[in-house]
Amino acid sequence: MLLRSVHDAFRCLNLLASLGAPAGIREIGRQLTLDSAKVTRLMQTLLALEMVQRNEKRKYSLGPGIHRFSAQVIHNSAFYKAVLETLEEVGSQPVSIVVGILSGKEVVYLIHTRQGKSVARAIGNYDSYPVVDSVIGIKLLAARSDEEIIDLIGIHDFQLIRADIDAARRHQVLVKAWPDGEYRMACIIPGMQAAIALSNLSGEKLELEALKAFLVSAAQKISGG
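Residues numbered from 1 in each chain as written. Predicted model: local features only at pLDDT ≥ 70, side-chain atom pairs only at ≥ 80, totals over all residues. Heavy atoms only, no water.

Here the focus is unusual backbone geometry. Both trends apply: most residues other than glycine have a negative phi, and most peptide bonds are in trans. Here the phi dihedral of E50 falls at roughly 60°; this positive angle occurs in a residue that is not glycine. Tracing the backbone through its elements, the reader meets E50 in the loop between α3 (36–48) and β1 (52–54). In this structure E50 comes out as partly exposed when scored by relative accessible area, which is 37%. With phi around 60°, R58 is a residue other than glycine that occupies positive phi space. Its place among the elements puts R58 in the loop between β1 and β2 (60–62). (Helix = DSSP H or I, 4+ residues; strand = E, 2+ residues; numbered from the N terminus. Buried < 20%, exposed > 50% of the residue type's maximum accessible area, 1.4 Å probe, protein only.)

Structure, rendered in structure tokens:
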């Protein structure tokens, strides 16, 4: 049974996390289609828990409580510990490693390394990309039925990526070549609605089989397998 107040509280937190500036009661209510009185009650509760904070203009943003919670999650998370070990294995290689999840019609990257960037910047990256433009998105979509995919992205986009969806269903690791000579590959992380990918793969002596084996091993390690 859905507890509406808890559901709406998390919706408020999610909205504040996505905004670039503090928001007032009316703005929050308008964006979430909630009554201002209800938003006020939710904000009072979240304020008492330090999950949000209020400035002098009576606008709200995420508070120290949510940051403390996030730090504890990362510190005690087997997922992030395994991811960090995987990133250390990759080291300074000119390959990007990405972990992503579906969010509507987009893929949100929880981890996204970039050549020359620190590991710290890779965690909690939260870039988002259209699901049809991402090997992670295609691999995650492939776990759904054709009907579910069409309901999500529409028949036109489904037809555009149909061949990739079929390939993702046939192979544990989806390998896709981009027009500029780059390869990208993705596989599902067992037990999670998430996938891991490698990108920036190019060169004449590219050992795709070895990279596929590494990706599968990384996915199993992250899942705790």
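From this point, the narrative continues.
If you walk across this open sheet you meet the six strands as β5-β4-β3-β8-β7-β6, and the pairing is antiparallel. A strand with exactly one partner marks an edge of an open sheet, and here the two such strands are β5 (128–130) and β6 (174–177). Between one strand and the next, the sheet's axes are offset by a mean angle of 30°, whatever the strand orientation. With five bridges joining them, strand β7 (residues 183–188) and strand β8 (residues 194–201) adopt antiparallel strand pairing. Within the sheet, the bridge partner assigned to Y183 lies in β8 and is L201. (Pairing = 2+ DSSP bridges. Axes fitted to C-alpha atoms, helices over the stretch in contact; angles between N-to-C directions.)

Right, let's talk about helix α10 (residues 162–170) for a bit. An α-helix turns once every 3.6 residues. As a result, residues three or four positions apart point the same way. Taken residue by residue, α10 has D164, I165, A167 and A168 as its buried positions. The buried residues of α10 all sit within an arc of 165° when viewed along its axis, so they share a single face. Seen from the open side of α10, the exposed residues pointing more than 90 degrees away from its buried face are A163 and R170. Of the surrounding elements, those touching the buried residues of α10 are α7 (135–141), α8 (146–153) and β6. (Arc of directions from axis to C-beta. Contact = heavy atoms within 4.5 Å.)

Once that is clear, we can look at the pairing of β8. In terms of burial, β8 is largely enclosed, as seven of its eight residues are buried. By the bridge criterion, six bridges tie strand β3 (residues 96–103) to β8 in an arrangement that is antiparallel. Among the inter-strand pairings, S96 is bridged to a residue of β8, identified as S199. Linkage of β7 to β8, two consecutive antiparallel strands, is achieved through a turn of five residues, within which G191 is found at a positive phi near 80°.

At a minimum axis distance of 11 Å, the contact between helix α1 (residues 4–18) and helix α2 (residues 25–32) shows a crossing angle of 105°. One way to sum up the angle between α1 and α2 is to call them roughly perpendicular. Contact residues: α1 offers R11, C12, L15 and L16, while α2 offers I28, Q31 and L32. Split by residue class, the contact of α1 with α2 holds five nonpolar, one polar and one charged. (Parallel < 35°, antiparallel > 145°, perpendicular 65-115°, else oblique. Nonpolar A, V, L, I, M, F, W, Y, C, P; charged D, E, K, R; others polar.)

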